[in-house]
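Tertiary structure, described
Chain by chain, the residues:
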Amino acid sequence: ETGVTQTPRHLVMGMTNKKSLKCEQHLGHNAMYWYKQSAKKPLELMFVYSLEERVENNSVPSRFSPECPNSSHLFLHLHTLQPEDSALYLCASSQDVTHTGELFFGEGSRLTVL
Amino acid sequence: DAKTTQPTSMDCAEGRAANLPCNHSTISGNEYVYWYRQIHSQGPQYIIHGLKNNETNEMASLIITEDRKSSTLILPHATLRDTAVYYCIVRVGGGYNKLIFGAGTRLAVHP
């Protein structure tokens, strides 16, 4: 139990569907992150949020739309995805965006796009 | 951030020390060395980090060479549950805390 909870753990969606991934952290952190891990590839940083403000968008396609309504919650809205978007999506948090300490990761949401 | 080089895979017998090397020959003076691991289908887990001095915690020890161009993560008594992919990451202190993961080392601990 890392203090970072992701839901759903598994999601199957068609290319025309709209779905959302949710992340909640119970650690009082001010920074949150989305990472993507495709099969046999390293983790890729997607977005970085600091106190609800997006500070990094790592050239992610617009079909992925993040939302951070407060420092404890982070969403990733998905629409018109492609099969190659199937991956494990990981959320993480840290004390703040410049802190040199650790990132706490959730268990991930495994997405399959049909 | 400096790049790191790690062996693709390693084996270790249960109960023995696992020594995982990492090369970061282009590291700058203000860059930290971090180690994370990822057990199959789970999120990465922080292990340890350091700047110049050797570090030890309840999970592992981190040995950084004097010139800081390489480091070794030591799991003193490996167990089967330590089987995972281990990532060595270098990042600048004070910048955005955005860890860039490489391919890591796949450690297999066998009985």
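Residues numbered from 1 in each chain as written. Chains lettered and ligands numbered in written order. Predicted model: local features only at pLDDT ≥ 70, side-chain atom pairs only at ≥ 80, totals over all residues. Heavy atoms only, no water.

Our next topic: the overall build of chain B. Along the backbone of chain B there are zero helices and nine strands. Relative to the globule expectation of 13 Å for 111 residues, the C-alpha radius of gyration of chain B, 13 Å, shows essentially globular dimensions. Its C-alpha atoms give chain B principal-axis dimensions of roughly 40 × 30 × 25 Å. Looking at chain B residue by residue over its 111 residues, the buried ones come to 42%. The contacts of chain B with a sequence gap of at least 6 include a subset with a gap of at least 24, amounting to 57%. Counting every atom, chain B has about 5600 Å² of accessible surface; 50% of that belongs to carbon and sulfur. (Helix = DSSP H or I, 4+ residues; strand = E, 2+ residues; numbered from the N terminus. Rg over C-alpha atoms; globule rule 2.2 N^0.38 Å. Buried < 20%, exposed > 50% of the residue type's maximum accessible area, 1.4 Å probe, protein only. Contact = heavy atoms within 4.5 Å. Areas by Shrake-Rupley, 256 points an atom, 1.4 Å probe, with all protein chains shown as cover.)

Once that is clear, we can look at the environment of Glu 84 of chain A. Residue and element names in this part refer to chain A. In this fold, Glu 84 is placed in the loop between strand E8 (73–79) and strand E9 (87–94). Residue class for Glu 84 comes out exposed when judged on its relative accessible area of 54%. For the pair Glu 84 and Thr 112, spaced 28 residues apart in the sequence, the C-alpha separation amounts to 9.0 Å.

Here the focus is the state of the cysteines. For the coordinates displayed, the defined rule picks out two disulfides over all chains. Shown here is the disulfide that connects Cys 23 of chain A with Cys 91 of chain A, its sulfur atoms set 1.9 Å apart. Classification of the bridge connecting Cys 23 of chain A and Cys 91 of chain A rests on its S-S torsion, roughly -75°, and on that basis the disulfide is left-handed. One end of the pair, Cys 23 of chain A, is in strand E3 (residues 18–25); the other, Cys 91 of chain A, is in strand E9, and 68 residues separate them in sequence. With a sulfur-sulfur separation of 2.1 Å, Cys 22 of chain B is cross-linked through a disulfide to Cys 88 of chain B. (Disulfide = S-S within 2.5 Å.)

Moving on: the side chain of Ser 38 of chain A. Residue and element names in this part refer to chain A. As for its placement among the helices and strands, Ser 38 is situated in the loop between strand E4 (31–37) and strand E5 (44–50). The class of Ser 38 is buried, set by a relative accessible area of 10%. Other than its neighbours up to four places away in sequence, Ser 38 contacts Glu 44, Ser 86 and Ala 87.

Before going further, it helps to examine the pattern of salt bridges. All names here are of chain A. Within this structure, the stated rule accounts for two salt bridges over all chains. In this structure, the salt-bridge partner of Asp 85 is Arg 63, at a minimum N-O distance of 2.7 Å. Placement of Asp 85 in the loop between E8 and E9 and of Arg 63 in the loop between strand E6 (53–57) and strand E7 (64–70) is noted, with a sequence separation of 22 residues between them. Its relative accessible area of 2% is what places Asp 85 among the buried residues. (Salt bridge = Lys/Arg side-chain N within 4 Å of Asp/Glu carboxyl O.)

Checked against the element boundaries, His 24 of chain B lands in the loop between strand E2 (18–23) and strand E3 (31–38). With residues near it in sequence (within four places) discarded, His 24 of chain B still touches Lys 3, Thr 4, Val 33, Arg 68, Lys 69, Ser 70, Ser 71, Cys 88 and Val 90 of chain B.

Residues and elements named next belong to chain B. Of the pockets and cavities examined, the largest pocket occupies roughly 610 Å³. Of all elements in the fold, only strand E8 (84–92) and strand E9 (105–110) reach the threshold of two or more residues within the lining of the largest pocket. With three residues, the top contributor of residues to the lining of the largest pocket is E8. Its residues assigned to classes, the lining of the largest pocket comprises nine nonpolar, nine polar and four charged. (1 Å grid on protein atoms, 1.4 Å probe; cavity = no way out; pocket = protein on both sides within 12 Å on 5 of 7 lines; lining within 4 Å. Points joined across faces, edges and corners; volume = space filled by probe spheres on them. Nonpolar A, V, L, I, M, F, W, Y, C, P; charged D, E, K, R; others polar.)

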